[in-house]
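Architecture and fold: a report
Listed below are the residues making up each chain.
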Amino acid sequence: IHHYVNDLMTMKPSFFRGYPSVIAQLAEYVIHNNLEKQFQLKGIYYTSELALHGQVETIEKAFQCKVLGQYGQSEACCFAITFDKHDEYIFSPYYGYTEILNDK
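A brief look at the structure comes next. None of these values were measured; they are calculated from a predicted model. (Residues numbered from 1 in each chain as written. Predicted model: local features only at pLDDT ≥ 70, side-chain atom pairs only at ≥ 80, totals over all residues. Heavy atoms only, no water.)

Focus: the overall build of the protein chain
The secondary structure content of the protein chain amounts to 3 helices and 5 strands. For the protein chain, the N- to C-terminal ordering of α and β elements is α-β-α-β-α-β-β-β. Counting all 104 residues of the protein chain, 35% fall into the buried class. Carbon and sulfur atoms form 54% of the exposed surface of the protein chain, whose accessible area is close to 7400 Å². (Helix = DSSP H or I, 4+ residues; strand = E, 2+ residues; numbered from the N terminus. Buried < 20%, exposed > 50% of the residue type's maximum accessible area, 1.4 Å probe, protein only. Areas by Shrake-Rupley, 256 points an atom, 1.4 Å probe, with all protein chains shown as cover.)

Regarding the side chain of E36
Structurally, the position occupied by E36 is in the loop between α2 (20–32) and β2 (43–47). As a buried residue without a salt bridge, E36 has its nearest oppositely charged side chain in K61, at a separation of 5.5 Å. Filtering out sequence-adjacent residues up to four positions away, E36 remains in contact with V30, I31, K61, A62 and Q64. (Lys, Arg positive; Asp, Glu negative; His and termini not counted. Salt bridge = Lys/Arg side-chain N within 4 Å of Asp/Glu carboxyl O. Contact = heavy atoms within 4.5 Å.)

Let's talk about the packing of helix α1 (residues 2–11) against α2
The interhelical angle for the contact between α1 and α2, taken along N-to-C directions, is 80°, at an axis separation of 10 Å. The angle between the axes of α1 and α2 places the two elements in the roughly perpendicular class. Packed against α1, whose contacting residues are H2, Y4, V5 and L8, the element α2 presents L26, Y29 and V30 at the interface. Tallied by class, residues from the contact of α1 with α2 come to 6 nonpolar, 1 polar and no charged. (Axes fitted to C-alpha atoms, helices over the stretch in contact; angles between N-to-C directions. Parallel < 35°, antiparallel > 145°, perpendicular 65-115°, else oblique. Nonpolar A, V, L, I, M, F, W, Y, C, P; charged D, E, K, R; others polar.)

Observations regarding α2
Here α2 spans 18 Å end to end across 13 residues, near enough to the 18 Å set by a 1.5 Å rise per residue. P20, I23, A24, L26, A27 and V30 are the residues of α2 that are buried. With its buried residues spanning 160° around the axis, α2 presents them on a single face. Positive phi shows up at N34, right after α2, with a value of about 55°. (Expected span 1.5 Å × (residues − 1). Arc of directions from axis to C-beta.)

Encoded structure:
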């Protein structure tokens with residue numbers, strides 16, 4: 001993990017996107033090694049997995065930025081993003097149509 005963190009500190013990205021499970025591991029490393037002040041990210045999108053309880057808070061603490069969920073299919077039929085509730089997605093009508101068949 002330290003190689004990835006070192007690369008991030010060298011590249012200094014403004015944003016990044018990835019699986020919440022992986023970003024949470026990076027975040028735990030950052031917190032454990034007191035590296036929080038070395039990152040100046042504007043935001044993080046987690047994608048392709050549901051963030052588990054506590055992962056978003058850990059990521060926000062480590063990188064001190066807004067963390068939002070994002071979901072988009074490569075088949076180009078739907079795109080969704082979270083806002084303040086990390087487990088509730090809002091689908092974009094500009095990208096494609098999403099039909100909800102029932103509440104489950």
